[in-house]
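Single-letter residue listing:
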Amino acid sequence: MTSCHSVVNLPEVRKVAIFGGTHGNEMSGVTLVNLWINNGAEIQRSGLTIEPFITNPRAVEKCTRYVDTDLNRAFTQDNLSVPRTQDLPYEVKRAQEINQMFGPKGSPDAYDVIFDLHNTTSNMGCTIILENSKDHFNLQMVNFIKSAVAPASCPVLLTEHPLLQYSTTRSVGKHPVGVEVGPQPQGVLRSNIFESMRATVKHALDFIELFNGGMEFPPCTVDVYRVSERMDYPRDKNGNITAMVHPNLQDCDWEPLNPGDPMFQAFDGRTIKYEGDSTVFPAFINEAAYYEKHQAFTMTRRETLTANGIKASKM
Ligand SMILES: CC(=O)N[C@@H](CC(=O)O)C(=O)O
Ligand SMILES: [Zn+2]
């Protein structure tokens, strides 16, 4: 369906969900979604069903990341198809319910766009997380958001990776979009973080409204940071960490980490350097939730993606 201007016709967007509380202690998304459940005027757009939804209410109630297991890793085909029994972890049961309501994952009935609102303790600013480098609709949306927030930046983390990809809550939708804003401590609201998340969602919904209204978005390029590796903390034989993120690296998400740069500061005072052979761009530096995942930061590489022009097809 490509025209001579390399503009692809895509179906109009009909069903949109905004998830908060996938992690119950990430307060911006929890608070915004609860606000919008009470009064949805701010997120209404013509011709669209937009559903704000708390995905892990038990974790929200306890103000904890999860109750039994991380919901944002639970949307595997195995979990989604396992027979429902009493002793399944709460989040696996919940994943099945969410898949029924907003999916099924991979099916034509699935919601068109799902935003999932997260906070990080890392200094990542207002980051968009994408899972698929060939999702031209999402790439165009991100290009729109980047222009709307400029001169502020909107880094894009691309989690597409043969081994490191994980099965997210938003992945039940056709176009999954993570919104990851920090730094904000767990269980805490910070007004600047809250408002930048709110603005990003607003721009994203404006984009969808313009798209449905027939606006043509010309081909564009989008700079992204693609996940390449995970870096764990140095550990002793018992698995306890023996070093912290080095002060030169702390809060330096998205800045180049070059071979030879300090990476960790051991408790005995030694500096541990980055010994890779090329420059990487770390993200999720010293994320609180990742100690248990054995991850001190994520290494990414910069890449420029090309998006087709897009236009809504009238049916
Ligand atoms: C700090 C945090 O929870 N980050 C999210 C990232 C994502 O949504 O892809 C997670 O690990 O699930
Ligand atoms: Zn989260």
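Residues numbered from 1 in each chain as written. Chains lettered and ligands numbered in written order. Predicted model: local features only at pLDDT ≥ 70, side-chain atom pairs only at ≥ 80, totals over all residues. Heavy atoms only, no water.

Participant: Teacher, can you tell me more about the nonpolar core here?
Facilitator: Looking at soluble globular proteins, one finds that nonpolar side chains tend to be buried together. Of all hydrophobic cores here, the largest spans 45 residues; its most connected members are I18, F115, M141 and I208. With nine residues, the top contributor of residues to this core is helix α6 (residues 191–212). The residues contacting M141, other than those within four sequence positions of it, are V113, F115, V177, A204, F207 and I208. Counting 15 residues, the second largest nonpolar core, distinct from the first, contains Y233, L257, M263 and F264. (Core = buried A, V, L, I, M, F, W, Y, C linked by side-chain atoms within 4.5 Å. Buried < 20%, exposed > 50% of the residue type's maximum accessible area, 1.4 Å probe, protein only. Helix = DSSP H or I, 4+ residues; strand = E, 2+ residues; numbered from the N terminus. Contact = heavy atoms within 4.5 Å.)

Participant: How do you make sense of the sheet that holds strand β13 (residues 297–307) when you look at a structure like this?
Facilitator: Within a sheet, each strand pairs with its neighbour through backbone hydrogen bonds, oriented either parallel or antiparallel. Read from one edge to the other, the open sheet built from nine strands follows the order β3-β2-β4-β7-β5-β6-β8-β13-β12, with strand pairing classed as mixed. Taken across any chain shown, the strands that pair with only one partner, and hence form the sheet edges, are β3 (49–54) and β12 (281–283). The mean inter-strand angle of the sheet, taken between neighbouring strand axes irrespective of direction, is 30°. For strand β2 (residues 15–20) and strand β4 (residues 113–119), the ladder comprises four bridges, and the chain directions are parallel. Of the residues in β4, the one forming a bridge with A17 is I114. In the packing of helix α4 (residues 90–102) onto the sheet, contacts are made with β2, β3 and β4, and the angle to β3 comes to roughly 170°. Relative to the sheet, helix α5 (residues 136–149) contacts β4, β5 (125–130), β6 (156–158), β7 (175–182), β8 (220–231) and β13, its axis offset from that of β8 by approximately 105°. (Pairing = 2+ DSSP bridges. Axes fitted to C-alpha atoms, helices over the stretch in contact; angles between N-to-C directions.)

Participant: Just checking my understanding: could you explain the coordination of the zinc ion (ligand 2) for this structure?
Facilitator: A four-donor tetrahedral metal ideally has 109.5 degree angles, and a six-donor octahedral metal ideally has angles of 90 or 180 degrees. Within the first shell, the zinc ion (ligand 2) binds the protein through H23 (ND1), E26 (OE), E26 (OE) and H118 (ND1), at distances of 2.0 to 2.4 Å. Considered as a linear motif, the donors of the zinc ion (ligand 2) on their single chain read H-x2-E-x91-H. Placement of the pair is E26 in the loop between β2 and α1 (27–38) and H118 in strand β4, with a sequence separation of 92 residues. Take E26 and H118: they sit in the same class, and that class is buried. (Donors = N, O, S within 2.8 Å, 3.2 Å for Na, K, Ca; no water.)

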